[in-house]
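# Geometric and topological summary
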Amino acid sequence: WRSIVDSKNYNALYILDNKLKVVGKLENLAPDERVYSVRFMGDTGYFVTFRQVDPLFAVDLSNPGNPVILGELKIPGFSEYLHPFADGLLFGLGRDADEDSGKAGFLKLSMFDVSDPTALSEINKLIIDNVYYSEASYNHKAILINSEKNIIAFPAEGKYYIYSYSREKGFEQKAIISLAQNGGDYYYYYDMRGLYIGDYLYVICSSSVSSYSMQTYTLHDTLDLT
């Protein structure tokens, strides 16, 4: 929720009961910033606001009548999508940004340590040079994340990017899949989706379904839908 007080924009969090009556609230948060992403994990809520730097807030929601901000982390850039990755870890997909001007830059992958919500930290990050847009930033159905399979995959500017993650090595690029053939216009390959069945990853777009080994991410077969 955003409100304007004394010519400033503020953010707020409201908790409603089953009759839509406000039972708890936090107001006047993050002046002149806007909310970019939200994720609820058990009794804790996380949300990201942005203007020039990216504050990640952790809020204790265990007492609906008294929500409490537990922690706040400010880093350059912002996360437009948040997803729990493994115990104590929260993944963020968004954009890097200039710390002084707030101008958004390239796509950014972040891994946050949220094991202690009072001491949030960004333990790993990866900036994908010269890539600005991913549909996953606006549509959660476009991203594929599974910590057991150790895969983080999403479309970006006509290609499909696949990463693994570990605390020791951070984000590792496993493959970049391009479905455009013979110099075809990659704009036709937006709206890509990925899913896995067994040990195979399937990348689907409006013109084809392609299968890849999840061991090597080499092409196994393609079904032409045109």
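Residues numbered from 1 in each chain as written. Predicted model: local features only at pLDDT ≥ 70, side-chain atom pairs only at ≥ 80, totals over all residues. Heavy atoms only, no water.

The subject of this paragraph is the pairing of strand 3 (residues 22-29). Two faces, one strand: in a regular strand the side chains alternate between the faces of the sheet. Alignment of strand 2 (residues 8-16) against strand 3, held across 5 bridges, turns out to be antiparallel. Opposite Ile15, over in strand 3, you have Gly24 as the bridge partner. The antiparallel hairpin formed by strand 2 and strand 3 contains 5 residues in its connecting segment, where Leu20 sits at a positive phi of about 60°. (Pairing = 2+ DSSP bridges. Helix = DSSP H or I, 4+ residues; strand = E, 2+ residues; numbered from the N terminus.)

Moving on, we get to the pairing of strand 4 (residues 34-41). Bridge count between strand 4 and strand 5 (residues 44-50): 7 bridges; the pairing is antiparallel. Counterpart to Met41 in the pairing with strand 5 is Thr44. Adjacent in sequence and paired antiparallel, strand 4 and strand 5 are bridged by 2 residues, among which Gly42 carries a positive phi angle near 65°.

As a further point, take the sheet that holds strand 10 (residues 104-113). Judged by pairing direction, the sheet is antiparallel, and its 4 strands sit side by side in the order 8-9-10-11 without closing on themselves. Here the strands that pair on one side only, and so sit at the sheet edges, are strand 8 (78-86) and strand 11 (121-128). For this sheet, the mean angle separating the axes of adjacent strands, direction not counted, is 25°. Across 7 bridges, the pairing between strand 8 and strand 9 (residues 89-97) is antiparallel. The residue of strand 9 that forms the bridge with His83 is Phe91. (Axes fitted to C-alpha atoms, helices over the stretch in contact; angles between N-to-C directions.)

Moving on, we come to the side chain of Glu135. Inspection of the secondary structure puts Glu135 in the loop between strand 11 and strand 12 (144-146). Relative accessible area serves as the criterion here: at 12%, Glu135 is assigned to the buried category. Apart from residues lying up to four places away in sequence, Glu135 is in contact with Ala142, Pro155, Asp191, Met192 and Arg193. (Buried < 20%, exposed > 50% of the residue type's maximum accessible area, 1.4 Å probe, protein only. Contact = heavy atoms within 4.5 Å.)

The nonpolar side chains of a soluble globular protein tend to be buried with one another. In terms of nonpolar packing, the biggest core is built from 21 residues, with Phe85, Phe91, Leu93, Met111, Ile143, Ile152 and Phe154 touching the most fellow members. Broken down by secondary-structure element, the contributors of at least two residues to this core are strand 8, strand 9, strand 10, strand 13 (151-156) and strand 14 (159-166). Beyond its immediate sequence surroundings of up to four residues, Phe91 is in contact with Tyr81, Leu82, His83, Phe85, Leu109, Ser110, Met111, Ile143, Ile145, Ile152 and Phe171. Counting 15 residues, the second largest nonpolar core, distinct from the first, contains Ile151, Tyr160, Ala175 and Ile177. (Core = buried A, V, L, I, M, F, W, Y, C linked by side-chain atoms within 4.5 Å.)

Below, the discussion takes up the environment of Asp17. Mapped onto the elements, Asp17 comes out in the loop between strand 2 and strand 3. Residue Asp17 is classed as partly exposed on the basis of its relative accessible area of 26%. Sequence spacing of Asp17 and Pro64 is 47 residues, and the spatial spacing of their C-alpha atoms is 8.7 Å.

What follows concerns unusual backbone geometry. Even without glycine at this site, Asn28 takes up a positive phi of about 60°. Its place among the elements puts Asn28 in strand 3. Even without a glycine there, the phi angle at Ala30 is positive, about 45°. Here Ala30 lies in the loop between strand 3 and strand 4. Here Ala30 falls in the buried class, since its relative accessible area comes to 10%.

A cluster of nonpolar residues, Tyr14, Leu16, Leu20 and Val22, forms a patch on the protein surface that exposes about 380 Å² of accessible area. Mapped onto the elements of the fold, Leu20 is located in the loop between strand 2 and strand 3. Of the residues examined, Leu20 reaches a relative accessible area of 65% and is grouped as exposed. (Patch = residues over 30% accessible without salt bridge, like charges linked within 9 Å, V, L, I, M, F, W, Y side chains within 5 Å. Areas by Shrake-Rupley, 256 points an atom, 1.4 Å probe, with all protein chains shown as cover. Salt bridge = Lys/Arg side-chain N within 4 Å of Asp/Glu carboxyl O.)

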